[in-house]
Amino acid sequence: MVRRGEAQRHSPARWEGAPVPFSDLAAHGGTPGLGAADRLDPYYGGMWTQGSSAVWVSQKLARTQVAAGLARMPRSLDMSVEQARESLVSTRSLGPRLAALGVLDQWRTCSAEQLAALTGFDRLATTDPQAMVALFALGVIDRGSFASALLPGASTSRSVLYRPSRSDAFDKEVSPLLSFEQRTAVTGGLPWDFRRQYDRHNLLSVEMGLRVAEFCEVGTVLGEKLSTVDLLAGSGLGGDPVTEARGADLTIVRADGLRVAVELTASAGADFTDKVRRWARLLAERPLATSGLTVLFVEATPHEGEYRFGSGPSVRAQVYKAVAQVVREFPGTGADRVAERIGVVSWSQWFPAAGHATAEFTRLEVDRPTGPASARWERASLLDVIDVPLDAVRPGELTAVVDNAAMLLGTPHWLRRPDAAPSVWPALTEPLGWGQLPCPPLARPSRATAVRPVTGGVGCGRAAVRSTIRWAHPAGPRPPRPAAPKATAGEMPATPSVREPVAAAAAFELPVAAAEVVVPEPVSVAPVFELPIPPRARAPAPAPGERAPAAEAGEQVAAVAPQPPAPAAPEPPVTPARRAVPLW
């Protein structure tokens, strides 16, 4: 419910919630060992000793410094271009590599821990994994670390940072190797983007998105690349494109399609006031019922030592004052007030200490300038459908972003619902007049295990639409393998059961389960399984002039004329016959 604050016109009294350890909050997902309680805190961690930027090195700069004798390439990063290209075309580490590219393209800058938490591949949190070294060697990404006098040389894995490099290496080296589905999952169907802001700003945005996805009941979260004004209120809703090249730092999407465009700010001046004015004008032009758009300003002034809020109180007051003034310029309509669609909160109100949050954060409680002049600011929960109702004109258009985000590798992996992700192959087949994927006729129909009707030369059965990005999803827990049946005396061991392949699934229904083969130990699983067959006792050789005994089913008898018995010789050891069982 809405709660009115203390009577202050511009800056209300600061409300404080009780700090709760992250480990005590109910989590809706996450990566084991890389949750909010385990990651390095980019706000309280003490890594911003030299402004808001980290120390970075690109592949080109690294080789220039090595050639000039200014540095020596660490052994963990010493990979030639040829080796990197070989690694790129290999399926080894394909999943982590694709997922990392999707995260960096959407969120711009990430720490190694944040990258592993978003993708679900904990190996990315280690120091220089091969998937990232190959991308660095080709100039696709830059590698950075926090500046500290205690880390003059090699930094620890917790301080490693990644970002897209300012080069065309992705288009030259990576993009030609990707399928249409993979390219869409990595870039969202947009060009590869290496634009970025300050490192501190980007890392706080990623951390905010991770914590919201982990502890709040939301539909999805989107990074900076997918939080542009055009996607939020223009062509992303099927309307006219917005040519203004700006956007939010991240977007929180409620399950009913309500969008919360989040803007982090560490200063409040004329530029900030202009930013608030542009958002307020957009809200006044785009009704909530058609756009579902709201805006949240988060004051995140740098934290310094024991002075808990640094210069926060004065910046906070300026932020509240600027929002209150702009809202009076763009009041909106009586049924769609701009003041009800703008919220303000401080980072330290949601996260009062390292490793802690408040219950207000899990509800996304903020201040809104919706009260009377004597008590302008009122508290409201952005996740509460009573505080912020949404009566959408076309609900399906607003909730489509939740389904579409399920196919993107930049989305936190626990929010990618395979059953909701749409297919992308119709974008290629529908222009050709195909309502489904073409299914060529079988080369050997007699071997088919099921009837597949055909029409002409194209099959009309269900085609095996198998995702090409299934490797980019972290593996879930495997079910226990059933024990192989034991053979009784005088019986052959039971033939391993081959389960039927999963029926044709729409693209991006991930993970796609292939046919599992249950074999008795110690037989290994391979594309073609060779299973030993125990030897049978040999029948005595027929006497001259006698006919050989009839062959049992499955055996072949060679047409050879009877020969006189050869002199006795020691029999060679009997080698078990082997037969091949195909995977499908």
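Because the structure is a prediction, the values reported are computed rather than measured.

The subject of this paragraph is the overall build of the protein. If you tally the helices and strands in the protein, you get 16 helices and 20 strands. Residue burial in the protein is summarised as follows: out of 584 residues, 46% are buried. Within the protein, contacts between residues at least 6 apart in sequence are counted, and of these 73% link residues at least 24 apart. Summed over its atoms, the accessible surface of the protein is roughly 30,100 Å², and 56% of this surface lies on carbon and sulfur atoms.

Two pairing modes exist for strands in a sheet, parallel and antiparallel, and in both the strands are linked by backbone hydrogen bonds. Spatial ordering of the open sheet is given by E3-E5-E6-E4, a layout of four strands whose pairing is antiparallel. Only two strands of the sheet have a single partner each, and these edge strands are strand E3 (55-57) and strand E4 (110-111). Taken together, the five bridges between strand E5 (residues 141-145) and strand E6 (residues 160-164) define a ladder with antiparallel strand orientation. Bridge pairing in E6 links Ile 141 to Pro 164.

Those residues of helix H2 (residues 81-89) that fall on the buried side of the exposure criterion are Ala 84, Ser 87 and Leu 88. Mapping the buried residues of H2 onto a view down its axis gives an arc of 100°, with all of them on the same face. Of the exposed residues in H2, the ones pointing more than 90 degrees away from its buried face are Glu 82, Glu 86 and Val 89. If you follow the buried residues of H2, they end up packed against helix H3 (94-107), helix H5 (130-137) and helix H6 (169-174).

Summarising the model, the protein shows a mean pLDDT of 79, and 72% of its residues fall at 70 or more. Low confidence marks residues 4-8, where pLDDT is under 50. Its contacts with residues over four positions away, or in another chain, come to 13 contacts. The low-confidence segment residues 495-538 (pLDDT under 50) makes 95 contacts with residues lying over four places distant or belonging to another chain.

Bringing unusual backbone geometry into the picture now. Positive phi outside glycine occurs at Asp 128, with the angle close to 50°. Inspection of the secondary structure assignment puts Asp 128 in the loop between helix H4 (112-119) and H5. Accessibility expressed as a relative area gives 10% for Asp 128, which makes it buried.

Time to look at the pattern of salt bridges. Applying the stated criterion across every chain, the model contains 25 salt bridges. Across the pair Glu 173 and Arg 85 runs a salt bridge whose closest N-O atoms are separated by 2.8 Å. Separated by 88 residues along the polypeptide, Glu 173 in helix H6 and Arg 85 in helix H2 bring together distant segments of the chain. A salt bridge links Asp 193 to Arg 108, with the nearest nitrogen and oxygen atoms 3.2 Å apart.

This paragraph deals with the side chain of Asp 142. One can find Asp 142 in strand E5. When sequence neighbours within four positions are dropped, the list of residues in contact with Asp 142 reads Trp 56, Val 57, Ser 58, Leu 161, Tyr 162, Arg 163, Pro 164, Ser 165 and Arg 196.

Looking now at the packing of H3 against helix H7 (residues 180-187). One can describe the packing of H3 onto H7 by two numbers: an axis separation of 7 Å at closest approach and a directional angle of 40°. With respect to each other, H3 and H7 are oriented oblique. Residues Leu 98, Leu 101, Gly 102 and Asp 105 of H3 pack against Gln 182, Val 186 and Thr 187 of H7. Considered class by class, the residues forming the contact of H3 with H7 number three nonpolar, three polar and one charged.

This part is about the packing of H3 against H5. Remark: H3 packs on H5, axes separated minimally by 9 Å, with the N-to-C direction vectors making an angle of 60°. The angle between H3 and H5 places the two elements in the oblique class. Helix-helix and strand crossings are classified by hand; for H3 and H5 the assignment is right-handed. Facing Pro 96, Arg 97, Ala 100, Leu 101 and Leu 104 of H3, the residues of H5 in contact are Ala 131, Met 132 and Leu 135. Of the residues belonging to the contact of H3 with H5, the class tally is seven nonpolar, no polar and one charged.

Looking now at the nonpolar core. One finds Val 140 and Trp 350 to be the most contacted residues of the largest nonpolar core, which totals 86 residues. No other element matches H3, which puts eight residues into this core. In terms of nonpolar packing, the next biggest core, distinct from the first, is built from 30 residues, Val 229, Val 242, Ala 280 and Val 326 among them.

What follows is about the environment of Val 89. By the secondary structure assignment, Val 89 is in helix H2. Sequence spacing of Val 89 and Glu 173 is 84 residues, and the spatial spacing of their C-alpha atoms is 9.9 Å.

Turning our attention to the pairing of strand E8 (residues 250-253). Taking every second residue as pointing to the same face, both faces of E8 are buried, with Leu 250 and Ile 252 on one and Thr 251 and Val 253 on the other. Sheet topology note: the strand E7 (residues 220-222)/E8 ladder contains three bridges and is antiparallel. Within the sheet, the bridge partner assigned to Val 221 lies in E8 and is Ile 252. Inspection of the sheet shows E8 paired to strand E9 (residues 259-265) by four bridges, in the antiparallel sense. In the strand pairing of E9, Val 253 is matched with Arg 259.

This part takes up the packing of aromatic side chains. Each aromatic ring pair is described using two quantities: the centre-to-centre distance and the angle formed by the ring planes. All chains considered together, the criterion is met by 10 aromatic pairs. Between Trp 347 and Phe 351, the aromatic rings sit 5.0 Å apart at their centres with planes inclined by 50°, giving tilted as the arrangement. Residue Trp 347 shares its accessibility class with Phe 351, and that shared class is buried. Joined through ring pairs, the aromatic side chains of Phe 22, Tyr 43, Tyr 44, Phe 215, Trp 347, Trp 350, Phe 351 and Phe 361 make up one cluster. Positioned above the aromatic ring of Phe 351, the side-chain terminus of Arg 211 is 4.5 Å from the ring centre. The cationic tip of Arg 246 hangs over the ring face of Trp 279; the distance from NZ or CZ to the ring centre is 5.2 Å.

Looking at where Lys 321 falls in the secondary structure, it is placed in helix H12 (residues 312-329). A residue is classified by how much of its surface remains accessible, and Lys 321, at 40% relative accessible area, is partly exposed. Sequence-wise, Lys 321 and Pro 12 are 309 residues apart; in three dimensions their C-alpha atoms are separated by 10.0 Å.

Each value, and the rule that gives it
Residues numbered from 1 in each chain as written. Predicted model: local features only at pLDDT ≥ 70, side-chain atom pairs only at ≥ 80, totals over all residues. Heavy atoms only, no water. Helix = DSSP H or I, 4+ residues; strand = E, 2+ residues; numbered from the N terminus. Buried < 20%, exposed > 50% of the residue type's maximum accessible area, 1.4 Å probe, protein only. Contact = heavy atoms within 4.5 Å. Areas by Shrake-Rupley, 256 points an atom, 1.4 Å probe, with all protein chains shown as cover. Pairing = 2+ DSSP bridges. Arc of directions from axis to C-beta. pLDDT = per-residue confidence, 0-100. Salt bridge = Lys/Arg side-chain N within 4 Å of Asp/Glu carboxyl O. Axes fitted to C-alpha atoms, helices over the stretch in contact; angles between N-to-C directions. Parallel < 35°, antiparallel > 145°, perpendicular 65-115°, else oblique. Nonpolar A, V, L, I, M, F, W, Y, C, P; charged D, E, K, R; others polar. Left-handed = near helix turned anticlockwise from the far one by under 90°. Core = buried A, V, L, I, M, F, W, Y, C linked by side-chain atoms within 4.5 Å. Phe/Tyr/Trp six-rings, centres within 6.5 Å; stacked < 30°, edge-to-face > 60°. Lys NZ or Arg CZ within 6 Å of the ring centre and 35° of its normal.

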